[in-house]
Amino acid sequence: MHRPSLTLLLSLLVFASAGPLTAEDPAAAARRVMVEEAVIANGVTDQRVIQSMMSTPRHEFVAYKYRSQAYYDMALPIGGQQTISSPFIVAYMTESLETKPDDKVLEIGTGSGFQAAILSPLVKDVYSIEIVPELGRSAARTLRRLGYENVHTKIGDGYKGWAEHAPFDKIIVTCSPEKPPQPLIDQLREGGRMVIPVGERYQQTLYLFTKKDGKLVAEALRPTLFVPMTGTAEDNREVKPDPLHPFAANGDFEADLQEHDQMAGWYYQRQFELVEDDSAPQGKRFVRFQNSDLGRTSMALQGFGVDGENVHRLQITAWVKTSQIGLGDDRREAPMIAVTFYDAARRDVGRGVVGPFVADSDWRQIDETIRVPPAAREALLRIGLFGATGEACFDDVKMTPLTD
C-alpha cells in the first residue's frame, strides 16, 4: 500500500493541529514516518525509546509557524538563541543513557521541553534546568499542559546542576560546554552515566561518560553540533571561535574515521562513505554520498562563526563528481553545496548555494562566491544529495572569507 509523503502529512498536521489528536490523525502518521525513517533507519534499536518517540507530540514543542517541519529530522529554532534538537539525536542520546524505570535523571538545557518529555515515560523523575527564563517558563507550561507530572523544572545555570536532588543516576546535557562541568561530575552517582557534547564551539564530540572511582571514564560516540552551554561554561571557554576567518574543517577528508565510523569535523552524517582511492583529486580520500530512496537524507554538515559586517562574501571551492542523479518535485532536493546563515538570535537570515549538480560528470572543480548577509553571525555548511537519488562525491572543500 502506498504511504502518504511526509510533506503531505505535515501539511495536514498544520490544519488539524487545533483539534484533538487520535491514533489515526496526521500527527500520529507523521510521527510514525519520522521514527521509521530518521530514528530506526539510522540505528536506534531500544524499543522503549522508539515507543516514546512514537507517542510524543513533537509539534507541541515548537512554534506554530514551524509545525509543518516538526516531524522532519532537523533542529528548529525555539527562541532565546536555542534550538530543539533533531529527532534522531534526541533518540540516540536517550538510548545511550540506558535508562531504567527507577532512574532519577538530570537534564541540562530544558529548551522546549521535548527531551524531558521523551525521558518522562522511561524513568522515575526528570529534573530539568533552563538558563533562558522565557524558555524555561514556556517549557514548564507545555509539560504541565501535556501531563508530564514526573518532570520537574527550574530556571538557572545548568553548569551548577541541581545539588539538592543529587545524586543522579543519569545526566543528559543538551548544550555544549568545552568540558564537563565539575558540579555535574560531583552530582552524578558512582556508576552513573552522563551523555554530553563537549569541545570547541563548532567542533564538538558527543561523549558517554561513566563515573568510576569518582572520575569520568570517556567513550566518544559521534561528532555533533549543539548550541553552547551559556553562563559560567561559556565565560570559562578557553578556545573561542574566529568569525573573521571561517573555514571548512577536514574539507579534504584526509582525517581517519572516528568512533562509530564518523568523519571528523562533519556532523549529521547520513548515507556516506569515506573512499580511499588514488583517483581522489586531492590526497587519497574523498566522500561519497549515495541514496536510492527519493527524499531520504544523504548529507553532512558543519557549523562556523562568521561576522557578516566584515566578511562580505565566501569563496567556495571544491571538486565534485555526480552520477545517475534523480530529482523529485522539490528542486531544493538536489546535489549541492549550501550555506545557511543565522543572526545573533539564531534566526535564518539567508542562504547561498553552489550548484545544483544534476548532470552526470567526472571530477570537476567548482569555484564560486556567495554573499554573506550583514546580520550573519554563524552559519551551517552542508554538502550532499539533499534528498535526490544517485551518487555525489566531494573532495577538497574549501571556504575562503572575502572582505572587499
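Structure shown above.
Fair warning: this is a prediction, and the values are worked out from it, not measured in the lab.

### Concerning the overall build of the protein chain
Summing up its helical and strand segments, the protein chain has eight helices and 18 strands in all. Relative to its length of 404 residues, the protein chain is compact, with a C-alpha radius of gyration of 21 Å against a globular reference of 22 Å. For the protein chain, the spread of C-alpha atoms along the principal axes amounts to about 60 × 55 × 40 Å. In the protein chain, buried positions account for 55% of the 404 residues. The long-range share in the protein chain, meaning contacts at least 24 apart out of those at least 6 apart in sequence, stands at 67%. Carbon and sulfur atoms form 49% of the exposed surface of the protein chain, whose accessible area is close to 17,600 Å². Across the protein chain, 44 positive and 55 negative side-chain charges occur, with their mean positions spaced 5 Å apart.

### Topic: helix α6 (residues 133-145)
A rise of 1.5 Å per residue sets the reference length of α6, with its 13 residues, at 18 Å; its end C-alpha atoms lie 18 Å apart and thus fit the reference within 8%. Every buried residue belonging to α6 is among Leu135, Gly136, Ala139, Ala140, Thr142 and Leu143, and all of these are buried. Along the axis of α6, the buried positions cluster into a sector of 165°, meaning they face one direction only. With respect to the buried face of α6, the exposed residues turned more than 90 degrees away are Arg144 and Arg145. Among the structural elements, β1 (76-79), β2 (82-84), α5 (114-119), β4 (125-130) and β5 (151-155) are those in contact with the buried residues of α6. Backbone geometry just after α6 places Gly147 at a positive phi near 85°.

### What to know about the side chain of Thr110
Locating Thr110 in the fold gives a position in the loop between β3 (104-108) and α5. Of the residues examined, Thr110 reaches a relative accessible area of 4% and is grouped as buried.

### Digging into the sheet that holds strand β12 (residues 299-305)
Two orientations exist for strands paired in a sheet by backbone hydrogen bonds: parallel and antiparallel. With antiparallel pairing, the four strands of this open sheet are ordered in space as β12-β17-β14-β15. Each having just a single partner strand, β12 and β15 (348-354) make up the two edges of the open sheet. For this sheet the average axis-to-axis angle between neighbouring strands, irrespective of direction, equals 20°. Bridging between strand β14 (residues 336-342) and strand β17 (residues 378-384) involves seven bridges; their strand directions are antiparallel. In the sheet register, Met336 faces β17, and the bridge partner there is Gly384.

### Focus on the sheet that holds strand β13 (residues 313-326)
Taken in spatial order, the five strands line up as β10-β11-β18-β13-β16 in an open sheet, and their pairing is antiparallel. Of all the strands in the sheet, the pair left with one neighbour each is β10 (272-276) and β16 (361-371). Taken over all neighbouring pairs, the strand axes of this sheet differ in orientation by 30° on average, direction set aside. Across five bridges, strand β11 (residues 285-291) lies against strand β18 (residues 389-402) in antiparallel orientation. Bridging from a neighbouring strand, Arg288 pairs with Cys393 of β18.

### Quick look at the pattern of salt bridges
By the definition in use, this model includes 18 salt bridges. The salt bridge involving Arg193 is made with Glu98; its shortest N-O contact spans 3.6 Å. Here Arg193, found in strand β7 (residues 188-200), pairs with Glu98, found in the loop between α4 (87-97) and β3; they are 95 residues apart in sequence, far enough to count as distant. Its relative accessible area of 43% is what places Glu98 among the partly exposed residues. What emerges from the salt-bridge pattern is a single network uniting Glu60, Arg67 and Arg145.

### Let's talk about helix α3 (residues 47-55)
Since the α-helix advances by 3.6 residues per turn, residues separated by three or four positions end up pointing in the same direction. For α3, the set of buried residues is Val49, Ile50, Ser52 and Met53. Buried residues in α3, looked at end-on, bunch into an arc of 160°, giving them a common side. Here α3 starts with a cap whose side-chain oxygen sits 2.9 Å from the backbone nitrogen of Arg48, and that cap is Asp46.

### What to know about the packing of aromatic side chains
Applying the stated criterion across every chain yields a total of eight aromatic pairs. An angle of 65° between the planes, with centres 5.8 Å apart, marks the rings of Phe61 and Phe114 as edge-to-face. Of the two residues, Phe61 is situated in the loop between α3 and β1 and Phe114 in helix α5; the sequence distance between them amounts to 53 residues. On the basis of relative accessibility, which here comes to 2%, the residue Phe114 falls in the buried class. Seen from their ring centres, Tyr127 and Trp162 are 5.4 Å apart, and the 85° between their planes marks the pair as edge-to-face. With Tyr127 in strand β4 and Trp162 in the loop between β5 and β6 (168-173), the pair connects residues that are 35 residues apart, well separated along the chain. Each member of the pair, Tyr127 together with Trp162, is buried. Through a chain of ring-to-ring contacts, the aromatic side chains of Tyr127, Trp162 and Phe168 assemble into a single cluster. If you follow Arg270 out to its NZ or CZ, it ends over the ring of Tyr268, 4.3 Å from the centre.

### Some thoughts on the pairing of β11
Successive side chains on a regular strand alternate, one facing one side of the sheet and the next facing the other. With six of its seven residues buried, β11 lies for the most part within the structure. Note: β10 against β11, five bridges, orientation antiparallel. Along β11, the bridge assignment pairs Leu274 with Val287.

Procedures and definitions
Residue numbers restart at each chain and count upward from 1, following the sequence in its written direction. Residues qualify for local features only when their pLDDT is at least 70, as the model is predicted, and side-chain atom pairs are given and counted only at 80 or more; totals for whole chains, interfaces and linings, by contrast, use all residues. Values shown for side chains rest on all heavy atoms present in the structure; no hydrogens or waters enter the calculation. Runs of E in the DSSP output that reach at least two residues are strands. Runs of H or I that reach at least four are helices, and both are numbered from the N terminus. C-alpha atoms define the radius of gyration, and 2.2 Å times the number of residues to the power 0.38 defines the globule rule. The classification of residues rests on relative accessible area computed with a 1.4 Å probe and restricted to protein chains. Under 20% of the type maximum is buried, over 50% is exposed, and intermediate values are partly exposed. Note on definitions: a residue-residue contact is assigned when non-hydrogen atoms from the two residues lie within 4.5 Å. The accessible surface values rely on the Shrake-Rupley method and a 1.4 Å probe; as for residues, cover is taken only from the protein chains in view. A residue counts as positive if it is Lys or Arg and as negative if it is Asp or Glu; His and the chain ends are not included. To locate a charge, take NZ of a lysine, CZ of an arginine, CG of an aspartate or CD of a glutamate. By this rule the span expected of a helix is its residue count minus one, scaled by 1.5 Å. Picture the helix axis, draw a direction to every C-beta atom, and the arc is the one those directions span. At least two DSSP bridges between two strands are required for those strands to pair. For every element, the axis is a line fit to its C-alpha atoms; helices are fit only across the contacting stretch, and the angle between N-to-C directions ranges from 0 to 180 degrees. Salt bridge criterion: a side-chain nitrogen from Lys or Arg within 4 Å of a carboxyl oxygen from Asp or Glu. Polar contacts here mean pairs of N or O atoms no more than 3.5 Å apart (in protein, one a potential hydrogen donor and the other a potential acceptor; neighbouring residues in sequence count only if both atoms are side-chain atoms). Aromatic pairs are defined between Phe, Tyr and Trp rings, using the six-membered ring for Trp, whenever the two ring centres lie within 6.5 Å; interplanar angles under 30 degrees are classed as stacked, those over 60 as edge-to-face, and all others as tilted. Whether a charge lies above a ring is judged from NZ of Lys or CZ of Arg, which has to be within 6 Å of the ring centre and within 35 degrees of the ring normal.

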